[in-house]
Amino acid sequence: MSVDIAVVGSLNLDRIYSMARLPTEGETLHATGPALSSGGKGANQAVAAARLGVRVSLVGSVGDDDAGRRLLHLVSADGVDTAPVRRSTSSSTGEAVIFVSEAGENLIVITGGANADLTAGDVRSNCPDAAWVVSGFEVSDECVVEAAKCAHEIGASFVLNPSPYRTIPEDLIGRVSVMVMNEHELAAATADSLEVDLVRLGESLRLALRAETLIVTLGARGAAVVTAAGSIHVPAPTVTPVDTSGAGDAFTGALVARLAAGDDLEHAVTIAVAAGAFATTRRGTQASYPTVNELDQWSQTSAR
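A short tour of the structure in this document, coming up. Just so it is clear, the model here is predicted, and its values are computed rather than measured. For every chain, the first residue of the written sequence is number 1, and numbering continues from 1 along that sequence. The model is predicted, so local features are restricted to residues of pLDDT at least 70 and side-chain atom pairs to those at 80 or more, both for listing and for counting; the totals for chains, interfaces and linings are taken over all residues. Think of the side-chain values as coming from all heavy atoms in the structure, minus any hydrogens and water.

Now for the overall build of the protein chain. Here a helix means four or more residues in a row that DSSP labels H or I, a strand means two or more in a row labelled E, and each is numbered from the N terminus. When helices and strands are tallied, the protein chain shows 9 helices and 14 strands. To get the radius of gyration, use the C-alpha atoms; to get the globule rule, take the number of residues to the power 0.38 and multiply by 2.2 Å. Taken over the C-alpha trace, the protein chain has a radius of gyration of 18 Å; the compact-globule value for 304 residues is 19 Å, and the two agree within 12%. For the C-alpha atoms alone, the extent of the protein chain along its principal axes is close to 50 × 45 × 40 Å. In the protein chain, buried positions account for 52% of the 304 residues. Sequence separation of 24 or more characterises 66% of the internal contacts of the protein chain that already satisfy a separation of 6 or more. Accessible area is worked out with a 1.4 Å probe on protein chains only. A residue is then buried under 20% of its type maximum, exposed over 50%, and partly exposed in between. Any two residues having at least one pair of non-hydrogen atoms within 4.5 Å are treated as being in contact.

Laid out in structure tokens, this is it:
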């Protein structure tokens, strides 16, 4: 099947608990919930892209259980091709427990479950005909590297979202077209302080990986884009967040959707920043992601 974007990544059942504020170490607080929803960074990014009108395929793994079937149904309902998703009989579907405060802050704990059962062979056998391939660190290094190799072989651009951060495999050097990370992941990758010039850190990492483009998401401050031609800052619209969980995935999915649709880099980042901001104004992860019409109408209203 020919698609615009192939995502190699995770699927999790999200259990979301709402509370007045997040707990401190050793503190016990009451929460309401759980609300159940479809999550996982791979599935999130796939849905965010599909809702903006591009064709998306998802390569991942869920358990052969009710949670896995629920996730596949919900992700498919948003137009994502889930046929390449493995149904594991040895592990249960991955889960994320998400605590969300009234201020929209979140704390997330993940159990990988069946995501760990995805193999490089699964990625290889399901490598689709796509213009863009996206992967991240909720699946194994072997799967991420295989996704990058597949992208190179089919002439696709490879997008890396190294989150949750761990050391980037050397086999990815020279294979990354676009890397998307937040400022804390950038600090971890460069073993440096955020008090140092962020653009300088970004350029250092971009060169080390021989990546064409490095994009650093900055939350309410928007995003910084670093390329060989220089750097730019794309500001974010001002919003009152109710839930920031999944906003980074909304950004990544929207970014690649717009690049796949032919937008130039700056415009694609502008749309991605808007999609991430929009997502923080709704509760949940995938449930908070905008369609094309929703994002257009919201952007026009927020610009007034």
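There's more to say after this.
Quick look at the sheet that holds strand 2 (residues 12-19) now. Should DSSP find at least two bridges between two strands, the strands are taken to pair. The 4 strands are arranged 3-2-7-8 in an open sheet whose pairing can be described as mixed. Sheet topology places strand 3 (32-39) and strand 8 (106-111) at the edges, where each strand pairs with a single neighbour. Between one strand axis and the next, the sheet turns by 20 degrees as a mean value, whatever way the strands run. With 8 bridges connecting them, strand 2 and strand 7 (residues 94-101) associate as parallel partners. A fitted line through C-alpha atoms serves as each axis, taken over the contacting stretch for helices, and the angle formed by two N-to-C directions is quoted from 0 to 180°.

The next thing to look at is the layout of surface pockets. For the largest pocket, the calculated volume is near 1100 Å³. What lines the largest pocket is a set of 45 residues, among which N182, T244, G246, A247 and G248 lie closest to the centre. Sorting elements by how many residues they give to the lining of the largest pocket places helix 7 (residues 247-260) first, with 5 residues. For this classification, the nonpolar set comprises Ala, Val, Leu, Ile, Met, Phe, Trp, Tyr, Cys and Pro, the charged set comprises Asp, Glu, Lys and Arg, and every other residue, Gly included, is treated as polar. Classifying every residue of the lining of the largest pocket by side-chain character gives 18 nonpolar, 21 polar and 6 charged. What lines the second largest pocket is a set of 14 residues, and nearest its centre among them are I271, A274, L295, D296 and S299. Of all the secondary-structure elements, those providing two or more residues to the lining of the second largest pocket are helix 8 (265-279) and helix 9 (292-302). The element best represented in the lining of the second largest pocket is helix 8, accounting for 5 residues. The residue inventory of the lining of the second largest pocket, partitioned by class, reads 9 nonpolar, 3 polar and 2 charged. Put plainly, a pocket is an open set of points on a 1 Å grid over the protein atoms alone with protein on both sides within 12 Å along at least five of seven lines, a cavity is a set where a 1.4 Å probe fits but cannot get out, and a lining residue has an atom within 4 Å of a point. Grid points are joined across faces, edges and corners, and a volume is the space filled by probe spheres set on the points.

A large share of strand 10 (residues 157-161) lies buried, amounting to 4 of its 5 residues. For the handedness criterion, the strands are oriented away from the viewer, and a crossover whose path from the first strand over the helix to the second runs clockwise is classed as right-handed. Read as a crossover between parallel neighbours, the route from strand 9 (residues 129-136) over helix 4 (residues 141-154) to strand 10 is right-handed. Both strand 10 and strand 11 (residues 178-182) contribute to a ladder of 2 bridges, which runs parallel. Across the sheet, L160 pairs through a bridge with M179, a residue of strand 11.

The next thing to look at is the packing of aromatic side chains. In summary, the pairing rule links any two rings of Phe, Tyr or Trp, Trp by its six-membered ring, whose centres are within 6.5 Å, and it sorts them by plane angle into stacked for under 30 degrees, edge-to-face for over 60 and tilted for everything else. Summed over the entire model, instances satisfying the criterion amount to 2 aromatic pairs. With a centroid separation of 5.6 Å and an interplanar angle of 25 degrees, the aromatic rings of Y17 and F99 are classed as stacked. With Y17 in strand 2 and F99 in strand 7, the pair connects residues that are 82 residues apart, well separated along the chain. Since its relative accessible area comes to 24%, F99 is described here as partly exposed. Think of it as a cone above the ring: NZ of Lys or CZ of Arg counts as a charge over the ring if it is within 6 Å of the ring centre and within 35 degrees of the ring normal. A cation sits over an aromatic face here: R166 above F137, 4.3 Å from the ring centre.

Another point: the pattern of salt bridges. If charged atoms from side chains of opposite charge come close, those side chains can pair. Should a side-chain nitrogen of Lys or Arg be within 4 Å of a carboxyl oxygen of Asp or Glu, the pair is scored as a salt bridge. By the definition in use, this model includes 15 salt bridges. The partner of D64 in a salt bridge is R69, and the shortest N-O contact between them spans 3.1 Å. We classify R69 as partly exposed; its relative accessible area is 46%. Its salt-bridge partner being E294, residue R282 comes within 3.1 Å of it at the nearest N-O pair. On the criterion of sequence distance, the pair formed by R282 in the loop between helix 8 and helix 9 and E294 in helix 9 is long-range, its members being 12 residues apart. A relative accessible area of 29% places R282 in the partly exposed class. Here E294 falls in the partly exposed class, since its relative accessible area comes to 28%. Linked by salt bridges that have partners in common, D64, D66 and R69 make up one network.

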